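# Reading the structure
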Amino acid sequence: MADKESGENRNQRGQFLPGNCANPGGRPKGSRNAVSMTLKDGIEEAYHQLGGIQWLVQLGREEPRIFASLLLRLIPPTPPAENTDEGSDIFIDPDPDL
């Protein structure tokens, strides 16, 4: 068995002592999970194989409810504007019954 890295923050077996870790700063901000990156790459590849923008246009024409549901899930909601007219609020249900 290879020698474990020794130091003040490890025990005789090479394990970290309580309150110590190998990366005290944690994952850097903005870094992505490898699984998320792989999934994103796969979705992007499927999008291109299906026809890209043309496929989205066709989906919007043939299945507008599914297309709208997709948009609601992918586009972040915008905060409501300040409105003094109480009767003109518009509400879009994020989970419509399909």
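So, a few notes on the structure that sits alongside this text. Worth saying up front: this structure is predicted, and the values here are computed from it rather than measured. (Residues numbered from 1 in each chain as written. Predicted model: local features only at pLDDT ≥ 70, side-chain atom pairs only at ≥ 80, totals over all residues. Heavy atoms only, no water.)

## Some points on the overall build of the protein chain
Basically, it comes down to this: Strands here mean DSSP runs of E at least two residues long; helices mean DSSP runs of H or I at least four residues long; both are numbered from the N terminus. The buried label applies to any residue whose accessible area, calculated with a 1.4 Å probe on protein chains only, is under 20% of its type's maximum; exposed applies above 50%, and partly exposed to all values in between. Whether two residues touch is decided by their heavy atoms; if any such pair falls within 4.5 Å, the residues are in contact. The accessible surface values rely on the Shrake-Rupley method and a 1.4 Å probe; as for residues, cover is taken only from the protein chains in view.
Across its full length, the protein chain holds three helices and zero strands. Tracing the protein chain from N to C terminus, the helices and strands come up as α-α-α. Here the protein chain holds 98 residues, and 5% of them are scored as buried. Once local pairs closer than 6 in sequence are excluded, the contacts in the protein chain between residues at least 24 apart make up 10%. A total accessible area of about 9300 Å² is found for the protein chain, and carbon and sulfur atoms account for 55% of it.

## Quick word on the pattern of salt bridges
Quick reminder of the rule: The salt bridge definition used is simple: a Lys or Arg side-chain nitrogen within 4 Å of an Asp or Glu carboxyl oxygen.
Inspection of the entire model under this criterion finds one salt bridge. Residues Glu44 and Lys40 are paired through a salt bridge, measuring 3.9 Å at the closest nitrogen-oxygen approach. Placement of the pair is Glu44 and Lys40 together in helix α1 (residues 34-50), with a separation of four residues, close to one helical turn. Using a relative accessible area of 42% as the deciding quantity, one classes Lys40 as partly exposed.

## Concerning α1
Along an α-helix, a turn takes 3.6 residues, which lines up residues three or four apart on a common side. To be explicit about the condition: Helices are assigned an expected span. That span is 1.5 Å times one less than the residue count.
The first and last C-alpha atoms of α1 sit 24 Å apart over 17 residues, in line with the 24 Å expected at 1.5 Å per residue. Downstream of α1 by a residue or two, Gly51 has a phi angle that is positive, lying close to 120°.

## As for the packing of helix α2 (residues 53-62) against helix α3 (residues 64-74)
Quick reminder of the rule: Note on method: axes are straight lines fitted to C-alpha atoms, helices fitted across the in-contact stretch only, with angles between N-to-C directions ranging 0 to 180 degrees. An angle below 35 degrees is read as roughly parallel, one above 145 as roughly antiparallel, one from 65 to 115 as roughly perpendicular, and any other as oblique. Ten residue types, Ala, Val, Leu, Ile, Met, Phe, Trp, Tyr, Cys and Pro, are classed as nonpolar, four, Asp, Glu, Lys and Arg, as charged, and the remainder, Gly among them, as polar.
Interhelical geometry of α2 versus α3 gives an angle of 125° and a closest axis separation of 5 Å. Here α3 runs oblique to α2, going by the angle between their axes. For the pair α2 and α3, the contacting residues are Leu56, Leu59, Gly60, Arg61 and Glu62 in the first and Pro64, Ile66, Phe67 and Leu70 in the second. Class assignment of the residues belonging to the contact of α2 with α3 gives a composition of six nonpolar, one polar and two charged.

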